[in-house]
Amino acid sequence: MRSLLAEIRKGKPLISDGAWGTLLQASGLQPGECPELWNMTHRGEVFAIAKSYVDAGADMILTNSFGGSPLKLAYYGLSERAVELNKAAAAISREAAGSEKFVLGSIGPTGAILMMGEVSEQEVYDGFSLQAQALKDGGVDAICIETMSAIDEACVAVRAAKESTGLEVICTFTFEKTAAGEYRTMMGVSPSEMVQAIKGAGASIIGTNCGNGFEQMIGIVKEIRSVDTVTPLLVHANAGMPIMNKGIVSYPDTPEMWARIFPQLIAQGANIIGGCCGTTPAHIRALADVVRMK
Amino acid sequence: MDEWTEKISICIERGKVNKLAPYPPDLRNQEGTDELTQQAIAAGIGPDIILKACNDGMQRIGARFSRNEVFVPELLMAAKAMNAVMVHLKPFFQAGTVKKKGVFLLGTVAGDLHDIGKNLVGMVVAGNGWEVVDIGVDVKPEKFIEKIKEHPGCIIGLSALLTTTMASMAKTVQEIKAQLPSSVIIVGGAPLSAATARDMGADGYSPDPQGAVTFLNTYAV
């Protein structure tokens, strides 16, 4: 396991990977199919996506394990295979990344709302713990808990990952801009509340993913930095908000636009930048090229 | 004015379910919608009056949610308070003493497992006096059509959270309209907009539950 924190301390902006969901669909993943199952049934396709981001110049790639919590997998009747699927996700990305690049184990929300009492905190903790350990066993360098909206679930995830693996833990939330021009998750959490809570739970890298295009992320980074100037900050931006034309979905942010806006995000204090929904290896290559030119 | 209806309305808005409930902190140890509804019914207050009080409360919290003054947790608690009322009103609905405004059939489209948005809209719409038929998540177009046929005249609601299921939603709208041309469909979900809803051929779009209520009420029986 290499230290991502040590790499960040070297001072250079780092580039993460882009979207997996859209690329999996382009490879043939059908609506209603479990993406994590593809780690076993379509290993080649998953590997190709991982490799495409490595080849595009990413310093780190994530794993095809976003929906790999036992609770999420239960919908497909696959929670018994959680360890197997997460370990495979990590192993595939590790093979693609080689020994040079970092692998971050992706952990997404369970889909359950803790405050409604649908599931117990213990069950959620145990699920994240199992998932994080399996990702570690598969070879990840750090755990990336993403697309969080609720403080309670995020803190349970961070603690579970930290306590079960001892790895560096990243945690990112999804924010929207409110009518008043503030940033809040759908559960009403502000960037400042997030920072305090997840750092307390053990996250050493914080940030934001999804919900916003590249340019909109500038405001969120600014707000995070207004309450925390030191903790390393990761951004995974969407390629803009999706547009629909005659039933075809497209994402408006171009790689060129990303290359142009990139310096502004870095200037606001982001340390690691990558993509979420709608992004492609081309977006990542555009960022990697900017860093190389500097 | 009786001593219960306004209190019920406020408890709905504030999410106060019953006396034991710790939420909201400033209404600790006070009675909630559970106790107040039972008392109102015992005192002979009509179920339609109680329902109106609930509508008013849900309307207010729904409007505050639309203005981003409150968020999902507050709406969930209001819905919980609403459910406590509905438990006591159920016999009246079954007896036909109170009528619903119509049927709203909703589900999350094929490929998408997310239900929080759908559930919130369902709760707020039910709180407004509609019969809500929730057919779940990852629903294929064929199943939507089958269920719509079981509820002729229903308004249809489609939900999706993932950007990757927008195409699935467009396909669902297309197939429903092809088989049932007179169907009325409203769509919602984080990646959508009024423009994308229009492009799909949907009849309506709302970024929040209250907007769905406004849309539905133009079709109320």
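On a predicted model such as this, the values are computed, not experimentally measured, just so you know.

A. Highlighting the overall build of chain A. Scanning chain A for helices and strands turns up 12 helices and 12 strands. Computed over C-alpha atoms, the radius of gyration of chain A comes to 17 Å, within 12% of the 19 Å expected from 2.2 N^0.38 for 294 residues, which places it in the range of a compact globule. With the C-alpha coordinates aligned to their principal axes, the bounding extent of chain A is approximately 45 × 45 × 40 Å. Residues classed as buried in chain A amount to 57% of the 294 residues present.

B. Region of interest: the overall build of chain B. In terms of regular secondary structure, chain B is built from 9 helices and 5 strands. Ordered by position from N to C terminus, the α and β elements of chain B give α-α-α-α-β-α-β-α-β-α-β-α-β-α. Its C-alpha radius of gyration of 18 Å places chain B within 12% of the 17 Å reference for a compact globule of 221 residues. The principal-axis extents of the C-alpha atoms in chain B amount to approximately 50 × 35 × 25 Å. For chain B, long-range pairs separated by at least 24 residues make up 72% of all intrachain contacts whose partners lie at least 6 apart in sequence.

C. Broad picture of unusual backbone geometry. All names here are of chain B. Note that the residue after Tyr23, namely Pro24, is joined by a cis bond; omega there is -15 degrees. Its place among the elements puts Pro24 in the loop between helix 1 (5-14) and helix 2 (33-42). In this structure, Asn29 takes a positive phi of about 70 degrees despite not being glycine. Structurally, the position occupied by Asn29 is in the loop between helix 1 and helix 2. Judged by C-beta crowding, with 8 C-beta atoms within 10 Å, Asn29 ranks as exposed. Phi is positive for Asn68, which is not a glycine, with a value near 60 degrees. For Asn68, the location among the structural elements is in the loop between helix 3 (47-66) and helix 4 (72-95).

D. How the structure looks around the sheet that holds strand 1 (residues 14-15) of chain A. All names here are of chain A. One open sheet holds the 8 strands; their spatial order is 1-12-9-8-5-4-3-2, and the pairing between them is parallel. Looking at strand neighbours, the two that pair on one side only are strand 1 and strand 2 (60-61), the edges of this open sheet. Sheet analysis places strand 4 (residues 142-148) next to strand 5 (residues 168-173), joined by 5 bridges and oriented parallel. By the bridge assignment, Met148 is partnered in strand 5 with Phe173. Against the sheet, helix 7 (residues 121-138) makes contact with strand 3 (102-107) and strand 4, and its axis sits at roughly 160 degrees relative to strand 3, the strand it touches most.

E. Up close: the interface of chain B and chain A. The partner chain A presents 26 residues to the 23 residues of chain B that form the contact. Where the side of chain B that touches chain A is concerned, the elements lending two or more residues are helix 4, helix 7 (166-179) and helix 8 (194-200) of chain B. Ranked by residue count, the leading element in the side of chain B that touches chain A is helix 7 of chain B, at 4 residues.

F. Highlighting the sheet that holds strand 3 (residues 155-159) of chain B. All names here are of chain B. The parallel open sheet is built from 5 strands, whose spatial order is 2-1-3-4-5. Either end of the sheet is taken by a strand with one partner, and the two such strands are strand 2 (131-134) and strand 5 (204-205). Inspection of the sheet shows strand 1 (residues 103-108) paired to strand 2 by 4 bridges, in the parallel sense. Bridge pairing in strand 2 places Val103 opposite Glu131. Taken strand by strand, helix 7 contacts strand 3 and strand 4 (184-188), and its axis lies near 160 degrees from that of strand 3. In the packing of helix 9 (residues 209-217) onto the sheet, the strands contacted are strand 1, strand 3, strand 4 and strand 5, and the crossing angle to strand 4 comes to about 170 degrees.

G. Representation of the packing of helix 1 of chain B against helix 3 of chain B. All names here are of chain B. The contact between helix 1 and helix 3 brings their axes to 8 Å, and the two run at 35 degrees. The interaxial crossing formed by helix 1 with helix 3 has right-handed handedness. Contact residues: helix 1 offers Thr5, Ile8, Ser9, Ile10, Ile12 and Glu13, while helix 3 offers Ile49, Ile50, Ala53, Cys54, Asp56, Gly57, Met58, Arg60 and Ile61. Partitioned by chemical class, the residues of the contact of helix 1 with helix 3 number 9 nonpolar, 3 polar and 3 charged.

H. Up close: the environment of Glu80 of chain A. Position of Glu80 of chain A among the secondary structure elements: in the loop between helix 5 (70-73) and helix 6 (82-97). The spatial distance from the C-alpha of Glu80 of chain A to the C-alpha of Pro70 of chain A is 7.4 Å, given a sequence separation of 10 residues.

I. Here's a closer look at the domain arrangement of chain B. All names here are of chain B. By domain assignment, chain B separates into domain 1 (5-95) and domain 2 (103-217). A C-alpha centroid distance of 26 Å is found between domain 1 and domain 2. Taken together, the 12 residues of domain 1 in the interface contact 12 residues of domain 2. Of all the secondary-structure elements, those providing two or more residues to the side of domain 1 that touches domain 2 are helix 3 and helix 4. Ranked by the residues each element gives to the side of domain 1 that touches domain 2, the list is headed by helix 3, at 8 residues.

Conventions and cut-offs
- Each chain has its residues counted from 1, following the order in which its sequence is written.
- Written order decides the labels, with chains lettered from A and ligands numbered from 1.
- Local features are withheld for residues below a pLDDT of 70 in this predicted model, meaning they are given only at 70 or higher, and side-chain atom pairs are given and counted only at 80 or more; totals for whole chains, interfaces and linings count all residues.
- Runs of E in the DSSP output that reach at least two residues are strands. Runs of H or I that reach at least four are helices, and both are numbered from the N terminus.
- In this treatment the radius of gyration is a C-alpha quantity, and the globule benchmark scales as 2.2 Å times the residue count to the 0.38 power.
- Our exposure labels follow a C-beta count within 10 Å of each residue's own C-beta, placed from the backbone: buried means 20 or more other C-beta atoms, exposed means 12 or fewer, and partly exposed covers the counts in between.
- Note on contacts: each residue gets a C-beta atom placed from the backbone, and two residues are in contact if those atoms are within 7 Å.
- Note on pairing: DSSP must find at least two bridges between two strands before they are called paired.
- Each axis is a line fitted through C-alpha atoms, taken for helices only over the stretch in contact, and angles between the N-to-C directions span 0 to 180 degrees.
- Crossing handedness is read from the near helix: turned anticlockwise from the far helix by less than a right angle, it gives a left-handed crossing, and turned clockwise, a right-handed one.
- Note on residue categories: nonpolar means Ala, Val, Leu, Ile, Met, Phe, Trp, Tyr, Cys or Pro, charged means Asp, Glu, Lys or Arg, and polar means any other residue, Gly included.
- The split into domains, and so the bounds of each, comes from an automatic or database assignment of domains.

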